[in-house]
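Letter by letter, the chains look like this.
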Amino acid sequence: QLQSKVLILTICAAGIGGTFQYGYNISIINAPTSYIQAFMNETWLERTGVPLESGVILLLWSLTVSAYPLGGLIGALVAGPMAIMLGRKMSLLLNNVFVIIAAVLSGFSRMAKSFEMIMLSRFFTGVNAGVSMNIQPMYLAESAPKKLRGAVALTSASFTALGLVLGQVVGLRELLGGEESWPFLLASNAVPALIQLTALPWFPESPRYLLIDRGDKESCISALRKLRGNSDLSAELEEMLAEQAAVKGQRAKNPWELFRNPALRWQVVSIVVLSSAMQLCGNDSMYFYAAYVFQEAGIPQDKIPYVVIGTGSCELITSVTCVRLLMHSADTQTVDSEEAVITNLGFTLPFVPGKRFLRSSQAVSRHSRPDSINNIFDFLTISFPAGVTGVLPTEVFDQMSRPAAYMICGSLLWFNLFLVGTAFPFIVKSLAHFCYVPFLVVCICTALYVGFFLPETKGKSFLEISEEFKKRNFKAQTRAAFYKGPEEIKSTVL
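Residues numbered from 1 in each chain as written. Predicted model: local features only at pLDDT ≥ 70, side-chain atom pairs only at ≥ 80, totals over all residues. Heavy atoms only, no water.

With respect to the overall build of the protein
Logical step 1: Helices and strands together make up the secondary structure of the protein, namely 26 helices and zero strands.
Logical step 2: For the protein, the accessible area works out to roughly 22400 Å², and carbon and sulfur atoms hold 66% of it. (Helix = DSSP H or I, 4+ residues; strand = E, 2+ residues; numbered from the N terminus. Areas by Shrake-Rupley, 256 points an atom, 1.4 Å probe, with all protein chains shown as cover.)

Written as structure tokens, this is what we have:
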């Protein structure tokens with residue numbers, strides 16, 4: 001059907017310049033590590049006549065790597081105001097300016113003999129990723145029909161995984177990962193940006209944003225027509241109008257207002273728990289230190305880049321499978337209180353073989369045991385669908401609170417990414433083959449929280465979900481309302 005094709009193309013146009021960039025820019029920096037460090041040393045030697053010490057080179061490289069999550073944090077903070085003032089689609093389009101600036105800086109860094117340009121490039125790349133990680137799930141969830149909302153929003157995780165894999169492939173020595181071509185590798189992130197700038201303008205803005213934020217009913221209906229075709233729009237439009245009436249007279253909220261509002265207590269707690277768990281699970285530590293882990297497992301150095309591609313491929317297969325399952329079920333369920341427990345418990349499964357892998361890796365280095373490869377892929381083949389967490393603020397917050405909720409989620413995501421990336425080597429050094437036990441505890445606690453405290457969203461509108469949380473937020477007051485106390489005592493006769 002035409003409307004299905006339009007929705008699919010909208011997803012692709014938003015994803016290619018959105019969360020795809022997050023995954024792509026995480027992976028492309030790994031391949032040229034040694035070349036960039038050598039470039040830093042050579043540049044400093046030409047400037048001062050004195051080479052850099054190894055500790056200083058490591059410090060400069062750490063600053064280069066840390067610039068990405070720092071930029072991501074800034075991007076997450078500005079994403080909310082951008083989404084409110086510019087709209088979802090226009091924010092995604094404008095966001096490409098950051099990555100194009102980054103591509104120019106990194107592409108000409110060697111010509112300009114400036115490693116500082118690489119650091120600044122990584123910062124702007126992080127800003128781009130921080131904005132897209134917040135706005136793309138919001139845009140897609142608000143544009144999708146109710147029965148496909150969960151599946152459509154989950155495609156954000158699929159594009160992240162696709163970016164990881166393509167970045168790993170492009171970073172091979174045979175392509176752009178060589179000593180002479182690494183500036184082109186770092187600048188290649190301009191290609192997805194140009195694709196989005198060309199494609200996304202042809203697709204509509206979020207219908208909910210047009211109606212509820214701008215009050216433009218005609219543009220909303222026009223956007224719905226493009227996305228839904230000739231389908232009956234009366235029920236969906238009635239739901240939007242009801243939400244518009246519910247938030248009439250309100251302004252867009254700030255993040256600190258969400259924390260102080262008792263009517264949003266459980267919603268805020270839920271996004272804090274799940275957004276933190278998305279990084280504190282230790283999944284991204286595998287990408288930061290994949291080369292080191294595989295080297296310790298006894299895999300030859302020249303084979304490691306190809307094995308690392310297997311890590312991204314496993315996540316891509318898992319995320320695409322999750323999307324297909326949700327498409328098949330055709331419901332709005334993203335964090336159903338029963339199925340989410342199963343998902344989160346599945347999320348913990350990699351850590352048991354992970355311990356086994358770390359034990360066997362010691363034996364590999366001594367005996368080159370071939371079954372270590374099985375342990376490695378046991379560790380890699382189960383991945384949590386991060387897109388579930390990405391759509392949660394859309395599901396549990398109204399239109400006026402949603403951008404602020406995404407600011408909170410994005411800030412936690414980038415802060416915890418920095419925290420885990422910094423702490424992981426020390427955890428490995430302290431706990432050895434038990435290094436994933438802390439992450440296992442995080443996963444189990446998250447699964448228990450979801451199972452016991454998060455209400456179902458399956459088959460419900462945004463207003464119905466808000467009513468579910470309202471009952472939980474004011475449960476104590478509701479119970480008190482049934483007890484009015486003893487009647488006034490008129491006499492003291494014994």
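On we go.
Quick look at the packing of helix α5 (residues 88-107) against helix α10 (residues 190-199)
Logical step 1: Put simply, α5 and α10 touch, their axes get as near as 9 Å, and they point 155° apart. With respect to α10, the axis of α5 lies roughly antiparallel. Here α5 and α10 pass one another in a crossing that is left-handed. Touching L92, L93, N96, V99, I100 and A103 of α5 are A190, A193, L194, Q196 and L197, all from α10.
Logical step 2: Partitioned by chemical class, the residues of the contact of α5 with α10 number nine nonpolar, two polar and no charged. (Axes fitted to C-alpha atoms, helices over the stretch in contact; angles between N-to-C directions. Parallel < 35°, antiparallel > 145°, perpendicular 65-115°, else oblique. Left-handed = near helix turned anticlockwise from the far one by under 90°. Contact = heavy atoms within 4.5 Å. Nonpolar A, V, L, I, M, F, W, Y, C, P; charged D, E, K, R; others polar.)

Regarding the side chain of S276
Logical step 1: Its place among the elements puts S276 in helix α15 (residues 265-280).
Logical step 2: Setting aside its immediate chain neighbours within four residues, S276 contacts I271, L412 and N416.

Some points on the nonpolar core
Side chains of a nonpolar character, in soluble globular proteins, are inclined to be buried together.
Logical step 1: Ranked by size, the top nonpolar core spans 41 residues in total, and within it I36, M40, I135, Y139, V152 and L186 carry the most contacts.
Logical step 2: Only α1 (2-16), α2 (19-27), α3 (33-48), α4 (54-85), α5, α7 (116-143), α8 (149-170) and α9 (182-187) provide two or more residues apiece to this core.
Logical step 3: Of the residues forming this core, the biggest block, seven residues, is contributed by α7.
Logical step 4: Residues L392, A405, Y449 and V450 belong to the second largest nonpolar core, which totals 17 residues. (Core = buried A, V, L, I, M, F, W, Y, C linked by side-chain atoms within 4.5 Å. Buried < 20%, exposed > 50% of the residue type's maximum accessible area, 1.4 Å probe, protein only.)

Quick look at the packing of aromatic side chains
Logical step 1: On inspection of all chains with the given rule, the structure shows eight aromatic pairs.
Logical step 2: On the basis of an interplanar angle of 10° and a centroid distance of 5.4 Å, the ring pair of W266 and F453 is categorised as stacked. Placement of W266 in helix α15 and of F453 in helix α24 (residues 437-453) is noted, with a sequence separation of 187 residues between them.
Logical step 3: A cation sits over an aromatic face here: R122 above Y68, 4.6 Å from the ring centre. (Phe/Tyr/Trp six-rings, centres within 6.5 Å; stacked < 30°, edge-to-face > 60°. Lys NZ or Arg CZ within 6 Å of the ring centre and 35° of its normal.)

A few points about a nonpolar patch on the surface
Logical step 1: Taken together, the side chains of M85, L86, M90, L94, V97 and I101 present a nonpolar region at the surface, about 520 Å² in accessible area.
Logical step 2: Top contributing element to the nonpolar patch by residue count: α5, with four residues.
Logical step 3: By the element assignment, L86 lies in the loop between α4 and α5. (Patch = residues over 30% accessible without salt bridge, like charges linked within 9 Å, V, L, I, M, F, W, Y side chains within 5 Å. Salt bridge = Lys/Arg side-chain N within 4 Å of Asp/Glu carboxyl O.)

Considerations on the UniProt feature "transmembrane region" (unreviewed entry) in the protein
Logical step 1: This chain's UniProt record puts "transmembrane region" (unreviewed entry) on residues 7-24, 56-80, 92-112, 118-139, 151-170, 182-203, 404-427 and 434-454.
Logical step 2: As annotated, residues 7-24 comprises 89% helix and 0% strand, and the C-alpha atoms at either end are separated by 24 Å.
Logical step 3: Between the first and last C-alpha atoms of residues 182-203 the distance is 35 Å; the span itself is 73% helix and 0% strand. (UniProt positions renumbered as here; feature names shortened; annotations may be inferred.)

Things to note about the environment of L52
Logical step 1: Following the sequence through the fold, L52 ends up in the loop between α3 and α4.
Logical step 2: Once the C-alpha coordinates of L52 and E42 are considered, the two residues, ten residues apart in sequence, prove to be 8.6 Å apart.
Logical step 3: Not counting the four nearest positions on each side in its chain, L52 is found in contact with M40, N41, W44, I57 and L60.

So, the side chain of N128
Logical step 1: In this structure, N128 sits in helix α7.
Logical step 2: Overall, N128 belongs to the buried group, its relative accessible area being 0%.

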